[in-house]
Each structure stands twice: as C-alpha cells, then as structure tokens.
Amino acid sequence: MTAPNAATGSDRTSSEPRSLAVARWCAAQGWPVHPLAPGRKTPPANCEPCRNAGHEAATCPCLPAGRWCHGFHAATLDQDLLAAWWRATPGFGTAVSCGPAGLVVIDVDTHSETVPARDRILPGIPIHDDVPLEGLSSGYHSLALLAALRSAPDPATDTGTLRVRTPSGGLHIWYRDTAGLAFTCSTGSSANRALAWQVDVRAHGGFIVAPGTVTGDGTYEALPGARTPAPLPQWLSDDLVRTGHLRAPSPQPATDHVVPPRARQAVIAAGGGRTSATRMLDSLLQDVADCATAPEGTGFTAKLNRAAYTAGGLAAGGHLPEGEAEQALLDAALAARPAQDRHNRAVIRAGLAAGARRPLHLEVRG
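Residues numbered from 1 in each chain as written. Predicted model: local features only at pLDDT ≥ 70, side-chain atom pairs only at ≥ 80, totals over all residues. Heavy atoms only, no water.

K.L.:
Can you help me understand the packing of aromatic side chains in this one?
P.N.:
Think of a pair of aromatic rings as described by two things: how far the centres are apart, and how the planes are tilted against each other in angle. For the structure shown, the criterion picks out four aromatic pairs. With 5.5 Å between their ring centres and 80° between their planes, Trp-25 and Trp-31 make a pair best called edge-to-face. The exposure class of Trp-25 is buried, given its relative accessible area of 4%. A relative accessible area of 5% means that Trp-31 is categorised as buried. Ring centres of Trp-86 and Phe-92 lie 5.7 Å apart, and the angle between their planes is 80°; on these two criteria the pair is classed as edge-to-face. Assigned by exposure class, Trp-86 and Phe-92 land together as buried. Taken together through their ring pairs, the aromatic side chains of Trp-25, Trp-31 and Trp-174 make up a single cluster. (Phe/Tyr/Trp six-rings, centres within 6.5 Å; stacked < 30°, edge-to-face > 60°. Buried < 20%, exposed > 50% of the residue type's maximum accessible area, 1.4 Å probe, protein only.)

K.L.:
How do you make sense of the packing of helix α8 (residues 276-290) against helix α9 (residues 300-316) when you look at a structure like this?
P.N.:
Helix-helix packing: each pair is described by the crossing angle between the helix axes and the interaxial distance. Direction vectors running N to C along α8 and α9 enclose 165°, while the axes themselves pass 8 Å from each other. As summarised for this structure, α8 and α9 are arranged roughly antiparallel, according to the angle between their axes. Handedness of the α8/α9 crossing: left-handed. Touching Ala-277, Met-280, Leu-281, Leu-284, Asp-287 and Val-288 of α8 are Phe-300, Lys-303, Leu-304, Arg-306, Ala-307, Thr-310, Ala-311 and Leu-314, all from α9. (Axes fitted to C-alpha atoms, helices over the stretch in contact; angles between N-to-C directions. Helix = DSSP H or I, 4+ residues; strand = E, 2+ residues; numbered from the N terminus. Parallel < 35°, antiparallel > 145°, perpendicular 65-115°, else oblique. Left-handed = near helix turned anticlockwise from the far one by under 90°. Contact = heavy atoms within 4.5 Å.)

K.L.:
Hey, could you run me through the confidence of the model for the chain in this one?
P.N.:
For residues with low pLDDT, the predicted coordinates do not support detailed interpretation. Taken residue by residue, the chain gives an average pLDDT of 83. The fraction at 70 or more is 84%. Ignoring residues within four places in sequence, the model shows residues 252-264, a span with pLDDT below 50, making 17 contacts including any to other chains. (pLDDT = per-residue confidence, 0-100.)

K.L.:
Would you mind going over helix α10 (residues 322-336) with me for this structure?
P.N.:
Residues three or four positions apart in an α-helix share a direction because the helix packs 3.6 residues into each turn. Compared with the 21 Å implied by 1.5 Å per residue over 15 residues, the 21 Å span of α10 between its first and last C-alpha is a close match. Those residues of α10 lying buried are Ala-325, Ala-328, Leu-329, Leu-330, Asp-331, Ala-332, Ala-333, Ala-335 and Ala-336. (Expected span 1.5 Å × (residues − 1).)

K.L.:
Would you mind going over helix α5 (residues 139-149) with me for this structure?
P.N.:
Of all the positions in α5, only Gly-139, Ser-142, Leu-143, Leu-145, Leu-146 and Ala-147 are classed as buried. Of the surrounding secondary structure, the elements contacted by the buried residues of α5 are β3 (103-108), α4 (118-121), β5 (171-176), β6 (199-202) and α6 (234-242). Taking the backbone nitrogen of Tyr-140 as reference, a side-chain oxygen 3.2 Å away marks Ser-138 as the first, capping residue of α5. Just past α5, the residue Ser-151 takes up positive phi, approximately 55°. (Polar contact = N/O pair within 3.5 Å; in protein donor to acceptor, adjacent residues only side chain to side chain.)

K.L.:
What's the story with the environment of Arg-227 in this structure? I'm lost.
P.N.:
Assignment of secondary structure puts Arg-227 in the loop between β10 (221-222) and β11 (230-231). Separated by 63 residues in the primary sequence, Arg-227 and Val-164 place their C-alpha atoms 9.6 Å from one another. A polar atom in the side chain of Arg-227 sits 2.8 Å from the backbone oxygen of Leu-223.

K.L.:
I would appreciate a short explanation of the sheet that holds strand β1 (residues 33-36) in the present structure.
P.N.:
Note on sheets: strands pair through backbone hydrogen bonds, and any given pair is parallel or antiparallel. Strands sit in the order β1-β2-β7 across an open sheet of three strands; the sheet is antiparallel. Either end of the sheet is taken by a strand with one partner, and the two such strands are β1 and β7 (207-209). When strand polarity is set aside, the average angle formed by the axes of neighbouring strands in this sheet is 35°. Judged from the three bridges that link them, strand β2 (residues 93-97) and β7 form a sheet pairing that is antiparallel. Of the residues in β7, the one forming a bridge with Ser-97 is Phe-207. The sheet contacts of helix α1 (residues 18-28) involve β1 and β2, and relative to β2 the element is tilted by about 15°. Along the sheet, helix α2 (residues 79-88) makes contact with β1 and β2, crossing β1 at roughly 5°. (Pairing = 2+ DSSP bridges.)

See the structure below:
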C-alpha cells in the first residue's frame, strides 16, 4: 500500500472514507490507531459514564467492548474494529498511539513566542555568549542548534525518515525506538522538559496525528523522502536520556518512610567529597537516596538518570572508576526503590552509556 498522502481509491473500497484508508495503512505498519474528532486533532469525547470524575481507563468496560473512549488507550490494530468505528463516524481523523507503536516523534513548533534566555533554549545545556542567536525564532532553529552542538545532521532535514508537515507550519519527525528504552512525552500532563525550546517529544503516554489526516486547519502532509520512520539516532537518544524522558515503572506502594542505612552508605561509598568529581556524584546520589522517604511520582527516575548520566561523563573524563560509580548507583537505587531493580538497572545502563559519550572535564585546582 502507498503512503497515506497518496492513498487512492485503489487502496480502499469505494464505500470507505479516505480517512479510514489512512487508519488502515497505519495499522498495517504495526502502529495502534485511535480516532480523532472530525476536523480536529484531539480524540472524540468519551461516553457519558467515562466522563465521571475518578473514572479510569484501566478498568473501563468500554475498551474491552471495542469503544473508542479514552483516546490513545483505545488504540488498536484490529482492521474490523477500525472499519466499524469509521462506518459510525466517517469524518474521524487518525492518530497513532506512540508508545505501543514503538515510536518517538520529535514535534517542532513555530509558535509566536518571545525567545527565552540562553540557559532555557536547550534545557540543561549552557550556550556560550559567543554563539550568535540573532534570527532564532522557532523550534526549527533550536533543534538545528542542538544538532550543531552535537556535530549531527539537523533532523528537520532528515530525508531518511518520515517527516510530516503540520497545518501550522510545524514538523513531526518520526523515529523508531529500536533500543526499547520506552521514552515518554514532554507534552500534556508530563513533567518532562522539552528537548529544546519549541521542540517537544511524543512517545509513551501520548499520540501523534497520522500523515494524511485532514483537520479544520489543513492536512498533515508527509514530506518528500522516506515514508516510514528510521531508527532513532544515537545522539537524539542520548539527549532524551539526559533530559529525563525515560519511562518510569508502574507505581509501587511505599513500604518504608525512613532512609535505609544502605542508601546513606551508598553515598559515602561513592567518595564522600574527596574530590570535585566525587562531590558532584555524592550530591546526585543523595538525591536518589532521599527518594526512599518520598512517595512515587516525585521524580525518582529522573534523579537516577541524572546521576547515571553525570557518572558516565565523569568516568569518561577519567575522574572516577566506572565500575565503582555504577555500583554506587545500583546501591542507592536499590535502597530507594527495591521493588523495581530491573527498571533501575536499565536507567543506569542507559544513563552511563549516554554520559560516556559526553566526557566531563573538570577544572583541577591546585
């Protein structure tokens, strides 16, 4: 089948709307699909019972019954169910649930906003005063700046992957999460930072409008080049780790409200402040250890990721033995969140690897 933008009558029966051809094409790629309200880029309204306060998608009877309530939670690959939905409402648009599809989509915006201070254009990355910022006015520019700092090609010009122009002039750059790191969104209710100013991430916990979808503002149009997503470039994966976009595990009930001695010992074992490098890691490990007394949802994964990323950079810069730093991370994580050891190890491995590609060179004072 051809790409959605080029869908013709030969790709569907004469009685099927073009938007259903888009949905069918996406599902055929292995991307779970759910409908969008006619002419809009948001899901259709839930049924009345699903609108009640406290109603949760996880226990909703609408989903096993094949209804479209709860947006991306209802996404499916079932071609018969898609046909039934679009027969009921032929004007539906098409969206893809990014997480189950294994997709990471870079969402570049062109909003009319005042350019922020230098330290907020690329979160966590200082931009030297010698770098000129004249003409910077959109996410295209901030993404190009990030790519230049990484000595990498600009994703906005990457013809090797699916790129979709939005009706507002923005761009969706589609990639596959081939490493299975399960990145999360930096939009909606997520607390994650953007990848860059006016550059968000669509992944687990979110959806993306499918190419070929028509809204009241215009068409989401695939640009010339690849018609399917390429693997996520390593440098982008590293920066998503750095910005805290790794997915957290399901919440576990708190079992202790006292920082275990092992957590404190893990911090001490990391060096206890003998050098600037160990002082830096000591502070980050303390943030991880302190999560033993904090409830779920207070940023444990982001703190562990930040500590691992920094440890990787310090080890690559020759300031710390990597094995000792990794063990200290594992001990602090195990003490703070013992029920999610597998997740902790994945976060630490990814953070250390990403940090190792960005060695930290600390000033040595006599």
